[in-house]
Every structure is written in structure tokens, then in C-alpha cells.
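Summary of structural features
Here is how the chains run, residue by residue.
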Amino acid sequence: MDIKCTERNGNLVVRIVGEIDHHSADRIRHTAEREFYNSGAKNMVFDFAHVAFMDSSGIGMIIGRYKELKKVGGKVYAINIGPEVNRIFDISGLRKIIPCYASLDEVASEGR
Amino acid sequence: MFENKMELSFLAKSENEAFARVAVAAFMTQLNPTLAEAMEVKTAVSEAVTNAIIHGYEQMGPENMVSVTCRLVGKEMFVEIADHGRGIADIDQAREPLYTSKPEMERSGMGFTVMEEFMDGLEVVSELGRGTTIILRKLIDG
Ligand SMILES: Nc1ncnc2c1ncn2[C@@H]1O[C@H](COP(=O)(O)OP(=O)(O)OP(=O)(O)O)[C@@H](O)[C@H]1O
Ligand SMILES: [Mg+2]
């Protein structure tokens, strides 16, 4: 599993390549948190384009970031969700608290 | 009678979570599962194995083993995931959506719900101080 973080217009884009389980969720949590504070971004965007597997450890990791960012007035978004991850988003009700978009451009145009 | 069977046993370390679910998925290819079926089984196995590691044993130890047994009966697949850890005091409560005994570890309490959603059967056998066995069942009809 590989994580790439880039700052784009106030959004920290966290691009995950690989599988999200208990083992990798801990690393994603630490990296995303560190990069978020280093970058000075306002929001966090998880890019799922290269995630073919996620279990409930991913749910906890995303809700954890949602709560963390809420404290500082930031939001968490999800983009490029494929069919595998989609089922987990549906079952867990994640979609109700994490806005999901097809691309980063759609996140950027939110609320315009 | 089962028609095919395999058994795995590994140390309760998070590094082994991916190994366990991939091994089960590889074993089940003989039933020609769809991509969706294979993903569902992988996810359910990952949930049960992760639970054994983080809830069953809590602390790392050289004797902490998790076993995974797969049986194929016709088009049905049975997967048993067992630990010899602390056990579950209240199984009904544990199976409730959103219940977690470890909220401070960023657990969502959705593991059992995911297993139920993705499989056709889920049985939990547990005894305090002795361990937990999860029995998953799924019809693989391609
Ligand atoms: N093998 C086990 N040994 C001991 N307790 C367990 C075991 N499996 C589950 N439990 C108990 O059942 C609860 C619910 O499990 P479940 O997988 O649904 O949620 P979770 O593991 O807490 O969170 P999540 O799976 O969403 O990360 C756990 O919090 C734990 O208390
Ligand atoms: Mg769990």
C-alpha cells in the first residue's frame, strides 16, 4: 500500500494505492494527519481510484478523520469510488456524512 | 461430507490479514466465483481475522495463533475463523451495528454487520477466556 498526498487549492488530496485494512489503515491515518497539518490545507479528500479493497477498518479511519477535521472547521470528501468500496460506503452509512464525488473538480465546485 | 478442505494457521499479526483473505480467495477459485462474490468473501474473512487479532488477543504474543479452515460442499463454502483469546461476553451486543468495545482505536463497530451483509450465514461461538470461532457460509453460484 502506497499513500501520496498533494495539496490542491486548500484540499489535501490523499491518494491511496492498494488495500485498506487494519494493517494499512494505521499508516494512512498517521500519514494523512501529518500531511494535513504540514500542508495547512482546510479540507481532506480521499481518492479511491486505486483502492480495490476496503473493510470496516477503513470506515473507522475515515470517520476518525471526519471528527478530527470537524474540530478545526474542515471537511472530508471521497472521490473516484469504485464498485468494491462503494458497497462498504453504502452498508456503513458513510455516504451520509462524507460527500462523495466523481472527481476532484467536482469537490472544488461544491457550493459555488 | 465435504468435497474439499484447507486449513491455515498463523500468528495474530496485522501483516497476516491480507495473506489470510487472499489465501481463502485463491482456494475458492475452484467454485468459479464472480468478482463480486470473491470480494464479499475476502471482506468477511478480513473482518473476522482482524477481530481475532485486535479483540481476541489485544496484545502481541508468540503463542497467539489464528486459524482459518475452509470447506467446500457442493456450491457452498464454509469458512471458520478461530482464536484462543479472551472470548465475547455478550454475543448479541457484539453483533449489533455500531457496537464496538474499542472506540478509542477508531473502530466503527461495523465488522459483524459487513460479515452478515456479504455472507449467507454467520454463526458466532465464543467462551470467555477460551476464544471465539466465527463460521461464515456462502453459496457461490457464479
Ligand atoms: N474474536 C473476538 N474476540 C473477542 N471479542 C470480539 C471478537 N470479535 C468481535 N469481538 C467483539 O465484538 C465487537 C464488535 O465487533 P465488530 O467487528 O462488529 O466491530 P469492531 O471490530 O469493534 O469495529 P470495526 O470492525 O468496525 O472496526 C468488538 O468491538 C469486540 O468487543
Ligand atoms: Mg471488527
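Residues numbered from 1 in each chain as written. Chains lettered and ligands numbered in written order. Predicted model: local features only at pLDDT ≥ 70, side-chain atom pairs only at ≥ 80, totals over all residues.

A few points about the overall build of chain A
The number of helices and strands found in chain A is four helices and five strands. In chain A, the succession of helices and strands from N to C terminus is β-β-α-β-α-β-α-β-α. For chain A, the C-alpha radius of gyration of 13 Å lies close to 13 Å, the compact-globule estimate for 112 residues. Across its three principal axes, chain A shows a C-alpha extent of roughly 30 × 25 × 25 Å. Within chain A, the proportion of its 112 residues that are buried is 39%. (Helix = DSSP H or I, 4+ residues; strand = E, 2+ residues; numbered from the N terminus. Rg over C-alpha atoms; globule rule 2.2 N^0.38 Å. Buried ≥ 20, exposed ≤ 12 C-beta atoms within 10 Å, placed from the backbone.)

Digging into the overall build of chain B
Broken down by element type, chain B carries four helices and five strands. With the principal axes as the frame, chain B shows a C-alpha extent of 40 × 30 × 25 Å. Looking at chain B residue by residue over its 142 residues, the buried ones come to 39%. Counting only contacts in chain B whose residues sit at least 6 apart along the sequence, the fraction spanning at least 24 positions is 68%. (Contact = placed C-beta atoms within 7 Å.)

Remarks on the confidence of the model for chain B
Low pLDDT means the predicted coordinates in that region are not meant to be read closely. Within chain B, residue pLDDT values average 96, and 99% of them lie at 70 or more. As a predicted assembly, this complex carries a pTM of 0.97 together with an ipTM value of 0.94. (pLDDT = per-residue confidence, 0-100.)

Points about the site of ligand 1
In the neighbourhood of ligand 1, 25 residues make up the surrounding shell, with Asn51(B), Thr100(B), Ser101(B), Arg107(B) and Gly111(B) lying closest. Elements that contribute at least two residues to the shell around ligand 1 include exactly helix H2 (56-71) of chain A together with helix H2 (35-57) and helix H4 (111-118) of chain B. (Near = placed C-beta within 6 Å.)

Let's talk about the nonpolar core
Soluble globular proteins tend to bury their nonpolar side chains together. Residues and elements named next belong to chain B. By size, the foremost hydrophobic cluster in this structure holds 60 residues, and its most contacted members are Ala44, Val45, Ala48, Ile81 and Met115. Considering every element that reaches this core, the biggest residue donor is H2, with eight residues. Here alanine 44 is in contact with Val114, Met115, Phe118, Met119 and Leu136, once residues within four sequence places are set aside. (Core = buried A, V, L, I, M, F, W, Y, C linked by C-beta atoms within 7 Å.)

Some thoughts on the interface of chain A and chain B
The interface of chain A with chain B comprises 16 residues on the first partner and 19 residues on the second. Sorting the residues of the side of chain A that touches chain B by element identifies helix H1 (22-39), H2 and helix H3 (83-92) of chain A as the ones contributing at least two each. Residue contributions to the side of chain A that touches chain B peak at seven residues, all from H2(A). Among the residues forming the side of chain A that touches chain B, the class breakdown is five nonpolar, seven polar and four charged. (Nonpolar A, V, L, I, M, F, W, Y, C, P; charged D, E, K, R; others polar.)

Observations regarding the sheet that holds strand S5 (residues 100-101) of chain A
Residue and element names in this part refer to chain A. The strand order across the open sheet built from five strands is S1-S2-S3-S4-S5, with neighbouring strands paired in mixed fashion. Since the sheet does not close on itself, it has two edges, and those belong to strand S1 (2-8) and S5, each with one partner. Of the pairings in the sheet, the one linking S1 to strand S2 (residues 11-20) comprises seven bridges and is antiparallel in character. If you follow lysine 4 over to S2, its bridge partner there is arginine 15. (Pairing = 2+ DSSP bridges.)

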